[in-house]
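Coordinate inspection notes
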Amino acid sequence: MSVNTEMQDTIEAMVQKGKGIIAIDESFPTIAKRFKPIHVESTEENRRYWRSLILSTPGLGDFISGAILFEETLTQKNDAGMTLPDVADENGIVAGIKVDKGTIALDNADGDKVTEGLDGLAERLKVYKTQGARFAKWREVYPVSTSNPTPLGVEVNAEILARYAAICQSVGIVPIVEPEVLIDGEHSIERSFEVVEAVQHAVYHALHRHKVILEYTILKPSMVTPGKESTDKASPEDIANYTVKALRRTVPAAVPSINFLSGGQTAEEATENLNAMNAIFQSEPWELSFSYGRALQQPALDTWGGKKENHKITQKALLKRARLNGAARNGTYKFSMEKE
Ligand code: 13P
């Protein structure tokens, strides 16, 4: 099979009406941070248990078409001895892999960051593929201030995302391109719009330079929202309008799907905002979907609390969030559905 046919098949499996992606690819420090409030130690066994519980949730594949895994998870097994990518597959979920190695400060661009991990990436991807990964994710991070991101930060991060995407496609892996404009700060929604537009513009310019086939990519952007510490309040409709305006200005129609990160929004906010987008904008060229980490996992984590006896109700809590986000994909979510 040619790499293009392979990527076409992967896109068809991942981009489906009423479905989105779950991110369960937290690095070691991040998963420790998520487990801490529920007093669960981040051991290999606890991470295996948690991620196995998620991937084996009955019915999850009705709303989730892809799962972004962390490297360790690719080789872990469920209690019956099946690898976790196979567990996902059995549930109708395509397995993918986070391949970046996290951020460092970007020299000579005070306050900006840059992501590492390009060296040896093609070789790593070939191994991940044999372990069941069909797509990858790479995240660049853009802090927002009056002076950040700098023009240098915007250019460098775009170039790296494009290089990553080109490497993925050379081995038949679909790249999820994630330019995360951070929600932290006091900035207004207008400032967020300005940054998201500039960032996405640079990213698509770079993807074009690197001859990345847009049809075999997925964009994972931030929604345009006010900063978390801002006194501005924005309605889901405001967020939907600004977000789609920035997307229309920057993202070519060849891109099949836009799967937002939740980035620190509450589970309900992330669902409401996605719903507003799909309710208002019904004939955009791309799907407007989700690729949530915290907004899908947090209610389930709180239900679990590290207790084996909570296994079933935890899966129920996860399935509920997946179902409500599935409804938001169609613009048919209502807040009253939270109570059902
Ligand atoms: P959040 O939805 O928690 O922001 O996580 C998504 C993700 O994969 C960030 O890289």
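For the structure, see preceding data.
This is a predicted model, so every value here is computed, not measured.

**Section: the environment of Y333**
Within the secondary structure layout, Y333 lies in the segment after α12 (311-330). For Y333, a relative accessible area of 6% puts it in the buried group. Considering only alpha carbons, one finds Y333 and G117, 216 residues apart in sequence, at a separation of 38 Å. Leave out the neighbours within four places in its chain, and Y333 touches T271, E272, N275, L324, A327, A328 and E338. At 2.6 Å, the side chain of Y333 and the side chain of E338 are in polar contact.

**Some details on the environment of I189**
Within the secondary structure, I189 sits in helix α8 (residues 189-209). I189 sits 117 residues away from G306 along the chain, and the two C-alpha atoms are 38 Å apart. Ignoring sequence-local partners within four residues, the contact set of I189 consists of V224, T225, P226, D232, A234, D238, I239 and Y242.

**Some thoughts on the sheet that holds strand β1 (residues 20-24)**
Two pairing modes exist for strands in a sheet, parallel and antiparallel, and in both the strands are linked by backbone hydrogen bonds. Ordered by their spatial adjacency, eight strands build a closed barrel running β1-β2-β3-β6-β7-β8-β9-β10, and the pairing between neighbours is parallel. In the sheet, strand β3 (residues 94-98) pairs with strand β6 (residues 135-142) via three bridges, with the strands oriented parallel. Looking at the pairing, G96 lines up with F135 of β6. Here helix α3 (residues 44-55) sits on the sheet and contacts β1 and β2 (64-69); the angle it forms with β1, its principal contact strand, is near 170°.

**Some details on the site of the ligand**
Close to the ligand lie 13 residues, the nearest being K137, K220, S262, G263 and R294. The contact in question runs from an oxygen atom of the ligand to an N or O atom on the side chain of R294, over 2.7 Å. In isolation the ligand offers 300 Å² of accessible surface; the protein chains occlude 92% of this area. Listed by contribution, the elements that provide at least two residues to the shell around the ligand are β6 and β10 (287-292). Each residue belonging to the shell around the ligand can be placed in one class, and the counts come to three nonpolar, four polar and six charged.

The rules behind the values
Residues numbered from 1 in each chain as written. Predicted model: local features only at pLDDT ≥ 70, side-chain atom pairs only at ≥ 80, totals over all residues. Heavy atoms only, no water. Helix = DSSP H or I, 4+ residues; strand = E, 2+ residues; numbered from the N terminus. Buried < 20%, exposed > 50% of the residue type's maximum accessible area, 1.4 Å probe, protein only. Contact = heavy atoms within 4.5 Å. Polar contact = N/O pair within 3.5 Å; in protein donor to acceptor, adjacent residues only side chain to side chain. Pairing = 2+ DSSP bridges. Axes fitted to C-alpha atoms, helices over the stretch in contact; angles between N-to-C directions. Near = heavy atom within 4 Å. Areas by Shrake-Rupley, 256 points an atom, 1.4 Å probe, with all protein chains shown as cover. Nonpolar A, V, L, I, M, F, W, Y, C, P; charged D, E, K, R; others polar.

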